[in-house]
Every structure is written in C-alpha cells, then in structure tokens.
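Each chain, letter by letter, is given below.
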Amino acid sequence: ALAPHRFDTRSGLALLLGYLGRADEAVRILREAPEPHGHFVAEFLLSTARNLARDRYLPEALVLAEAALAESPRNTDARVEVAVRNAALGRKVPAEQQFREALRRDPAHRQARDEFAAFLALNQRWDEALTVLLGAGRDPATRLKQAQLLMARRDWAGADQVLRELEAAGDLAEDVAA
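Another point: the overall build of the protein chain. A tally of helices and strands in the protein chain yields 11 helices and zero strands. Order of helices (α) and strands (β) in the protein chain, N terminus to C terminus: α-α-α-α-α-α-α-α-α-α-α. When burial is assessed residue by residue, the protein chain has 40% of its 178 residues classed as buried. Put simply, 44% of the contacts in the protein chain that link residues at least 6 apart link residues at least 24 apart. With an accessible surface of roughly 9700 Å², the protein chain has 52% of that area assigned to carbon and sulfur atoms.

Structure representation (structure tokens):
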C-alpha cells in the first residue's frame, strides 16, 4: 500500500504513471491523498502536467492539467496550462476558450496574456495578438514583445518605430541589460 502521508511518493508515482500513458491513474493516485495534504493535489497535478509536457507527453499532460483545473477552478495557472496543452495538440477552439476565460478571470495574468498573444500570432491573427499583448500595459518588456510580433508579421516599419521609442525613452538599454 502507498504511504498516505508521503505525498512526494504519490507525486513520483503519478509522474511515472503519466509517462506510461496512464494519466487517469495518476490523477486518481493524487486525488486519493488523505488530508492534510489534499489541498496540494491541484498543485501536484499541475506540476506533473508541466513535467510531462516538457518531455513531450502532451495528451497525458492535458489530462493532468484538466484534473488540476477541476480541483481548483479558480486557478488561473491551471487554466492557462489547459489552454497551452490544447494548443499544442492542435485543439484551437478549446485553447482559445480557456485563454479567454483565464484573462476574463484575471486580466493582469502576464503568462495568460503572453501565451494567448503567442497562440494568436502562430495562427496569424496579428492584430488580435497585439491587442491581447498590449492589454497588459505598455511597459518596456511588453513593448519589446510588441516589436517582436511586428517583426514576425514583417511589419519592419512598425517594429522600428517601437524600438526607436524604447531607445529614446532609455528603456531599450535597461531591458537588454536585464
């Protein structure tokens, strides 16, 4: 029997099951954790999903990310992970729905905004990508990403203008040095 008080043992087993393509069993192992560790379930599911995704076990990563979101529906990080995993599997509609919901719930969530902008850009929805990206504000890091998006869509004049504005404000040198 699995030692109920050893959540690290459970998480290791869950990761192994995920690698074996048995993501549903991994979710069960983590959900069966007795209190007081039960509140860590969503975080361990999310962490395991990220580990699986890093190693290209994408369908299994999606199962665990969805389980993390089910455990903690208000967790924006889990929602973004579900969106990213759906996008990686070519499931554009559910990916976009999850990105939009993440930003609706937490408009300031930087990763949600950056990932959604990248998703839109990869689908050549340039204007939407820029709108989403700039919704975070116009700090130097965001403006630099704006210039990158403009270059990706081959808008050299627009990218040049943004970079010149950053340079004139003294923000470009700071961002590059950081």
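Here the narrative resumes, following the displayed structure.
With that settled, consider the environment of asparagine 51. Mapped onto the secondary structure, asparagine 51 falls in helix 3 (residues 41-54). With a relative accessible area of 22%, asparagine 51 lands in the partly exposed category. For asparagine 51, the residues in contact, after removing those within four places along its chain, are Leu15 and Tyr19.

The next thing to look at is the packing of helix 7 (residues 110-122) against helix 8 (residues 126-134). At a closest axis distance of 8 Å, the pairing of helix 7 and helix 8 adopts a crossing angle of 170°. Viewed along their axes, helix 7 and helix 8 adopt a mutual orientation that is roughly antiparallel. Contact residues: Arg113, Asp114, Phe116, Ala117, Leu120 and Ala121 in helix 7; Trp126, Glu128, Ala129, Val132 and Leu133 in helix 8. Here the contact of helix 7 with helix 8 is composed, by residue class, of eight nonpolar, no polar and three charged.

Further remarks concern unusual backbone geometry. Not every positive phi belongs to a glycine, and arginine 56 is a case in point at roughly 70°. Note on placement: arginine 56 falls in the loop between helix 3 and helix 4 (58-71). At glutamine 124, a residue that is not glycine, the phi angle is positive and equals roughly 55°. Along the chain, glutamine 124 falls in the loop between helix 7 and helix 8.

Here the structure, examined in full by the defined rule, presents 16 salt bridges. One salt bridge connects arginine 110 with aspartate 139, and the closest N-O pair in it is separated by 3.3 Å. Separated by 29 residues along the polypeptide, arginine 110 in helix 7 and aspartate 139 in the loop between helix 8 and helix 9 (140-152) bring together distant segments of the chain. Of the residues examined, arginine 110 reaches a relative accessible area of 35% and is grouped as partly exposed. Taken together, the shared-partner salt bridges connect Glu96, Arg100, Arg125 and Glu128 into one network.

Turning our eyes to something else, we now look at the environment of glutamate 32. Along the polypeptide, glutamate 32 turns up in the loop between helix 2 (23-31) and helix 3. When the C-alpha positions of glutamate 32 and arginine 10 are compared, they lie 9.2 Å apart, and in sequence the two are 22 residues distant.

Model confidence for the protein chain is summarised by a mean pLDDT of 84, while 88% of its residues fall at 70 or above. Between residues 1-5, whose pLDDT stays under 50, and residues either more than four places distant or in other chains, the model counts eight contacts.

Let's shift gears to the packing of aromatic side chains. Within this structure, the stated rule accounts for three aromatic pairs. Seen in terms of ring centroids, phenylalanine 99 and phenylalanine 116 are 5.2 Å apart; in terms of plane orientation they differ by 20°. Their pairing is stacked. Highlighted residues: phenylalanine 99 in helix 6 (residues 92-105) and phenylalanine 116 in helix 7, separated in sequence by 17 residues. When the centroid spacing of 5.6 Å and the interplanar angle of 45° are considered together, the rings of phenylalanine 99 and phenylalanine 119 count as tilted. Of the two residues, phenylalanine 99 is situated in helix 6 and phenylalanine 119 in helix 7; the sequence distance between them amounts to 20 residues. Across the pair, exposure class does not vary: phenylalanine 99 and phenylalanine 119 are buried alike. Counting every residue linked through ring pairs, the aromatic cluster contains Phe99, Phe116 and Phe119.

Here is what the cut-offs are and how they apply
Residues numbered from 1 in each chain as written. Predicted model: local features only at pLDDT ≥ 70, side-chain atom pairs only at ≥ 80, totals over all residues. Heavy atoms only, no water. Helix = DSSP H or I, 4+ residues; strand = E, 2+ residues; numbered from the N terminus. Buried < 20%, exposed > 50% of the residue type's maximum accessible area, 1.4 Å probe, protein only. Contact = heavy atoms within 4.5 Å. Areas by Shrake-Rupley, 256 points an atom, 1.4 Å probe, with all protein chains shown as cover. Axes fitted to C-alpha atoms, helices over the stretch in contact; angles between N-to-C directions. Parallel < 35°, antiparallel > 145°, perpendicular 65-115°, else oblique. Nonpolar A, V, L, I, M, F, W, Y, C, P; charged D, E, K, R; others polar. Salt bridge = Lys/Arg side-chain N within 4 Å of Asp/Glu carboxyl O. pLDDT = per-residue confidence, 0-100. Phe/Tyr/Trp six-rings, centres within 6.5 Å; stacked < 30°, edge-to-face > 60°.

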